[in-house]
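Structural features, examined
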Amino acid sequence: MSAVLPEHPEFLWRNPDPRRSYEVVIVGGGGHGLATAYYLARNHGITNVAVLERGWLAGGNMARNTTIIRSNYLWDESAAIYEHALKQWEALPEELDYDFLFSQRGVLNLAHTPQDVREGVRRVNANQLNGVDAEWLNPDQVKEFCPIVDISPGVRYPVLGATLQPRAGIAKHDHVAWAFARTADEHGIDLIQDCEVTGFLRDGDKILGVQTTRGPIMADRIGLAAAGHTSVLAGLAGLRLPLQSHPLQALVSELLEPVHPCVVMSNHVHVYVSQAHKGELVMGAGVDPYNSYAQRGSVHVIERQMAAALELFPIFARAHVIRTWGGIVDVTPDASPIIGATPLANLFVNCGWGTGGFKATPASGWVYAHTLATGRAHPLNEPFALERFTTGALIDEHGAAAVAH
Amino acid sequence: MLLIPCPWCGDRDETEFHYGGQAHVAYPQSPDALSDAQWAEYLFVRDNPKGEFAERWCHNAGCRRWFNLVRDTATHQIVVQR
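Heads up: these notes are all about the structure in this document. Since the structure is predicted, the reported quantities are computational estimates derived from the model, not experimental observations.

Things to note about the overall build of chain B
Regarding its fold elements, chain B presents one helix and six strands. Along its sequence from the N terminus, chain B presents helices and strands in the succession β-β-β-α-β-β-β. With 82 residues in all, chain B has 35% of them scored as buried. Long-range pairs, those at least 24 residues apart, make up 49% of the contacts in chain B between residues at least 6 apart in sequence.

Okay, here's the thing in structure tokens:
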């Protein structure tokens, strides 16, 4: 028996014990934390870095998202940071020497009402002015691009057109995390799992380090990258942030023959669908309305999402739901992230990505690494500072871009 | 789906309700006197605990009245009606 078992694959990273101090400590070993570690090494030559993860690497929202990557946001600030991410996605498979199945198969955002059409056309124009690839498709062109979409006029929410971003697509999320982790580890960065932060070491308003379940760790700069649990962590430092944590659910079907050539999103009926390389249909919904940390949501949200998907794709009628799950997303009042300094010296936050964090992973890591390395914001994350809630310079992506990220 | 005890109608499905977020957030006594930071705190910052949370619900598809609950955000258990 043992003769036929394959060799254990190579480990992609070490499993080190924490040292007493580091130049930079990142709290949270998900996609954004790992990307930040990688770019600290790549862009700034800083490798005296630890990533602390309370569970296992990339076991939170990085394992739970619907893997959609696009940059067709309305506002300049958003388009800039997400387009920077998309450019990195295009370069990363070679740069990290890891084929994480990044597939630029195109994303359609459907319009179902005259107002959807106006907003879609406006967004296409805004995207083109910002150098983001975008096209407006009429219903026949939608049908040509994605033959399984029902464009007949008699349905409850008829397809009146769609925006198309051809360079958008999907990637294999776990492999993205492993690619960042392997390269960060090769640079000597310590990825420390099973290490929960339980408090902060401080001198007045200056943060000196973190208390963890594996002992105290000192650091010159500390960056939180803990998504849905950011409020809990910040609370340990006495910091209140404009965040609310909600469940966000998704589901997959059984493995099916390739039928769905692209990604289809619809804000109006709140569903987004793609087909993974293996063959599962992957669908996501909107957030559950109530605050939660339970990593599960209510079934009527799934039911509504399935009803919408069925009307758009009658061919899915015989597909079965195999798994549903939920992640916890941290949502800000303007649905844009918060990246930058806090009122406490040496403590930085990267949070509030809400339902759209996966696509931003490389840019989030890029600008957060810059912020942690220099103590100042990168031009791309300057508009996303915590102060915008006091100054009023919000980046209101609610309804402006696709709500269902 | 949550089963929510409306104080006037009894236990009803979550789909009959609208969520209202944190309870007991009072409108500032003298809004003109607030600094920008205080105004931002009132407008944008709410508690976000992992654990018990006092929150508002409106029974939209029933009596249409607002009421408060304490619910545990880690377990979804409704702890007490207030």
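Considering the overall build of chain A
Assigned secondary structure in chain A consists of nine helices and 18 strands. Expected size for 405 residues packed as a compact globule is a radius of gyration near 22 Å; at 21 Å, chain A falls within 12% of this value. Its C-alpha atoms give chain A principal-axis dimensions of about 65 × 65 × 40 Å. The buried share among the 405 residues of chain A stands at 59%. Considering only contacts in chain A between residues 6 or more positions apart, those separated by 24 or more positions represent 77%. A total of about 16100 Å² of accessible surface is found on chain A, and carbon and sulfur atoms cover 54% of it.

Observations concerning the sheet that holds strand β3 (residues 18–22) of chain B
Residue and element names in this part refer to chain B. Reading across from one edge, β3-β4-β5-β6 is the order of the four strands in this open sheet, with antiparallel pairing throughout. Pairing within the sheet leaves two strands with one partner each, and these edge strands are β3 and β6 (78–81). When the angles between neighbouring strand axes are averaged without regard to direction, this sheet yields 35 degrees.

Overview of the pattern of salt bridges
Residues and elements named next belong to chain A. Applying the stated criterion across every chain, the model contains 16 salt bridges over all chains. In this structure, Arg-19 and Asp-190 form a salt bridge, with 3.4 Å as the shortest nitrogen-oxygen distance. Taken as a pair, Arg-19 in the segment before β1 (21–27) and Asp-190 in strand β8 (residues 190–192) lie far apart in primary sequence, 171 residues in all. Note on Asp-190: relative accessible area 3%, which makes it buried.

Overview of unusual backbone geometry
Residue and element names in this part refer to chain A. With phi around 60 degrees, Ala-335 is a residue other than glycine that occupies positive phi space. Tracing the backbone shows Ala-335 in the loop between β16 (321–331) and β17 (338–341). Residue Asn-346 is not a glycine yet carries a positive backbone phi of 75 degrees. Topologically, Asn-346 is positioned in the loop between β17 and β18 (347–351).

With respect to the interface of chain A and chain B
The interface of chain A with chain B comprises 24 residues on the first partner and 23 residues on the second. Counting each side, the surface lost to burial between chain A and chain B is near 2100 Å², with a carbon and sulfur contribution of 53%. Taken together, the links from chain A to chain B amount to two salt bridges. With a closest N to O distance of 2.9 Å, Glu-41 of chain B and Arg-240 of chain A form a salt bridge. Applying the counting criterion to the chain A and chain B interface returns 13 residue pairs in polar contact (both at pLDDT 80 or more). Tallied by class, the residues present in the side of chain A that touches chain B amount to 12 nonpolar, nine polar and three charged.

Side note on the packing of aromatic side chains
Counted by the stated rule, this structure contains 17 aromatic pairs over all chains. A centroid spacing of 5.4 Å and a plane angle of 65 degrees characterise the contact between Phe-389 of chain A and Phe-44 of chain B, whose relative ring orientation is edge-to-face. Taken together, the positions of Phe-389 of chain A in helix α9 (residues 388–391) and Phe-44 of chain B in helix α1 (residues 36–44) put the pair across two chains. One aromatic cluster in this structure is built from Tyr-290 of chain A together with Phe-17, Tyr-19, Trp-57 and Phe-67 of chain B. One residue, Arg-46 of chain B, lies across the ring of Tyr-42 of chain B, its end atom 5.8 Å from the ring centre. The ring of Trp-8 of chain B carries the charged tip of Arg-65 of chain B above its face, separated from the ring centre by 4.0 Å.

Re the sheet that holds strand β13 (residues 263–266) of chain A
Residue and element names in this part refer to chain A. Across the sheet, which stays open at both edges, the eight strands sit in the order β5-β6-β4-β13-β14-β15-β12-β16 with mixed pairing between neighbours. Looking at the sheet topology across the chains shown, the edges are occupied by β5 (135–137) and β16. Direction aside, neighbouring strands of the sheet carry axes that sit 20 degrees apart on average. Of the pairings in the sheet, the one linking strand β12 (residues 244–255) to strand β15 (residues 280–287) comprises five bridges and is antiparallel in character. Along β15, the bridge assignment pairs Leu-248 with Val-287. On top of the sheet, helix α7 (residues 299–312) reaches β4 (107–111), β12, β13, β14 (271–275), β15 and β16; it is set at about 125 degrees to β15, its chief contact.

Criteria and cut-off values
- Residues numbered from 1 in each chain as written.
- Chains lettered and ligands numbered in written order.
- Predicted model: local features only at pLDDT ≥ 70, side-chain atom pairs only at ≥ 80, totals over all residues.
- Heavy atoms only, no water.
- Helix = DSSP H or I, 4+ residues; strand = E, 2+ residues; numbered from the N terminus.
- Buried < 20%, exposed > 50% of the residue type's maximum accessible area, 1.4 Å probe, protein only.
- Contact = heavy atoms within 4.5 Å.
- Rg over C-alpha atoms; globule rule 2.2 N^0.38 Å.
- Areas by Shrake-Rupley, 256 points an atom, 1.4 Å probe, with all protein chains shown as cover.
- Pairing = 2+ DSSP bridges.
- Axes fitted to C-alpha atoms, helices over the stretch in contact; angles between N-to-C directions.
- Salt bridge = Lys/Arg side-chain N within 4 Å of Asp/Glu carboxyl O.
- Buried area = accessible area lost by both parts, 1.4 Å probe.
- Polar contact = N/O pair within 3.5 Å; in protein donor to acceptor, adjacent residues only side chain to side chain.
- Nonpolar A, V, L, I, M, F, W, Y, C, P; charged D, E, K, R; others polar.
- Phe/Tyr/Trp six-rings, centres within 6.5 Å; stacked < 30°, edge-to-face > 60°.
- Lys NZ or Arg CZ within 6 Å of the ring centre and 35° of its normal.

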